[in-house]
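# Coordinates in review
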Amino acid sequence: MTELLENGVGAETAFALGHEAALLEAVAKEMLDIADGRVDSPEFVAAARDAWESLPAPLRREIRRFRRHSGPRGRLLLRGLPVGDDARDTPSAADSVQRESSVAAAVLLMVACGLGDPAAFRQEKSGALVQDVVPVPGREAFQGNAGSVLLSFHTENAFHEHRPDYVMLLCLRADHEGVAGTRTACVREVLDLLGPAARKSLSLPRFITEAPPSFGAGCKGALHHPVLGGSWDDPDLRVDFAATRATTQEGAAALAELGALLEQVASTSELLPGDLVVIDNHVTAHGRTAFTPRYDGRDRWLQRTFALTALRRSRGRRPDDGYVLIE
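A brief look at the structure comes next.

Rules used throughout
Residues numbered from 1 in each chain as written. Predicted model: local features only at pLDDT ≥ 70, side-chain atom pairs only at ≥ 80, totals over all residues. Heavy atoms only, no water. Core = buried A, V, L, I, M, F, W, Y, C linked by side-chain atoms within 4.5 Å. Buried < 20%, exposed > 50% of the residue type's maximum accessible area, 1.4 Å probe, protein only. Helix = DSSP H or I, 4+ residues; strand = E, 2+ residues; numbered from the N terminus. Contact = heavy atoms within 4.5 Å. Pairing = 2+ DSSP bridges. Axes fitted to C-alpha atoms, helices over the stretch in contact; angles between N-to-C directions. Arc of directions from axis to C-beta.

Grouped together as the largest cluster of nonpolar side chains are 68 residues, with contacts concentrated most on Met110, Met168 and Leu276. Among the elements that line this core, the one with the most residues is helix α4 (residues 103–115), at 12 residues. Every residue in contact with Met110, bar those within four places of it in the chain, is listed here: Leu24, Val27, Ala28, Met31, Ala48, Ala51, Trp52 and Leu55. Among the nonpolar cores identified, the runner-up in size contains 23 residues, and Val190, Leu191, Leu202 and Ala266 belong to it.

What follows is the structure, encoded as structure tokens:
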């Protein structure tokens, strides 16, 4: 049976699958030979969309509740999901992705279809729908998924007009020492703590965010934008503390104030194999604590998939009505 567990900083509630994990794994395994196991094919995604309806009802219910309102922390932690008995070494090449079918990839795409539709960006990780998040030799200081130093808070692809609505991170393997923590902080937790001047400055279109290093050189950053947009009572957050800069002194001070408050309320989870964290990319920033890779084939290994709730809005950026956005 499923159960709710108290876990992590601030007694975070996690949703854990019990014996129903076997049903989820069986559904995932039925997908492995579809489209010759080509994860990025439209046929495989269509199968994932259909298979979503066969997943355990409590899991589907929890994900749909989260989609309607992501709560005060803007994150959902699911535990006990099947990831397959994969004895492969953790990838260590730059920009590694999952092109061939696997239990973990099928699980990610089914959940993405429950949230909306899976999506990717051509300039990042070659547009793969399931991407490896692993440390890469020589990129330890990289502010991105290939690094192993402290990864600063950011909303995913904050520079992009069609940034993901949800970011999913599924743990296949933890780091050796178990110290690598996925960090999140939600704007809903700090809204009442922001000073009036900072709140006003952050709501003005006086910030610019550059594309992250994972997009490579030559990718244009966002035009001027507010850090807090949309509803005044429940604003959207658009920021990357490694790539967002203010165009005014007041904006810079407000950005620093916001950053300090997000650090204050931050939650950290050391993910274990089978843990899936779903992040509401409109209200919650995420990052990672530092860890020390050994590059011995047993390093930390997460897989990542993005979801868009209104795929139609990006139609002009998706050739052939596919799932990959071009610039």
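The rest of the description comes next.
Another point: the sheet that holds strand β6 (residues 151–154). Spatial strand order, β6-β15-β8-β13: four strands in an open sheet with antiparallel pairing. Edge positions in the sheet fall to β6 and β13 (267–269), since each has one partner strand and no second. Geometrically, the sheet is characterised by an average inter-axis angle of 20° between neighbouring strands, direction not taken into account. Inspection of the sheet shows β6 paired to strand β15 (residues 284–288) by two bridges, in the antiparallel sense. Among the inter-strand pairings, Leu151 is bridged to a residue of β15, identified as Arg288. Most of the contacts of helix α7 (residues 249–265) go to strand β8 (residues 182–186), to which it runs at about 120°, and overall it touches β6, β8 and β13.

Further remarks concern helix α1 (residues 21–30). Each α-helix turn comprises 3.6 residues. Residues three or four places apart therefore point the same way. Of all the residues in α1, the buried ones are Ala21, Leu24, Val27 and Ala28. Down the axis of α1, the sector holding all buried residues measures 125°, keeping them to one side. Residues of α1 that are exposed and point over 90 degrees away from its buried face: Ala22 and Glu30.

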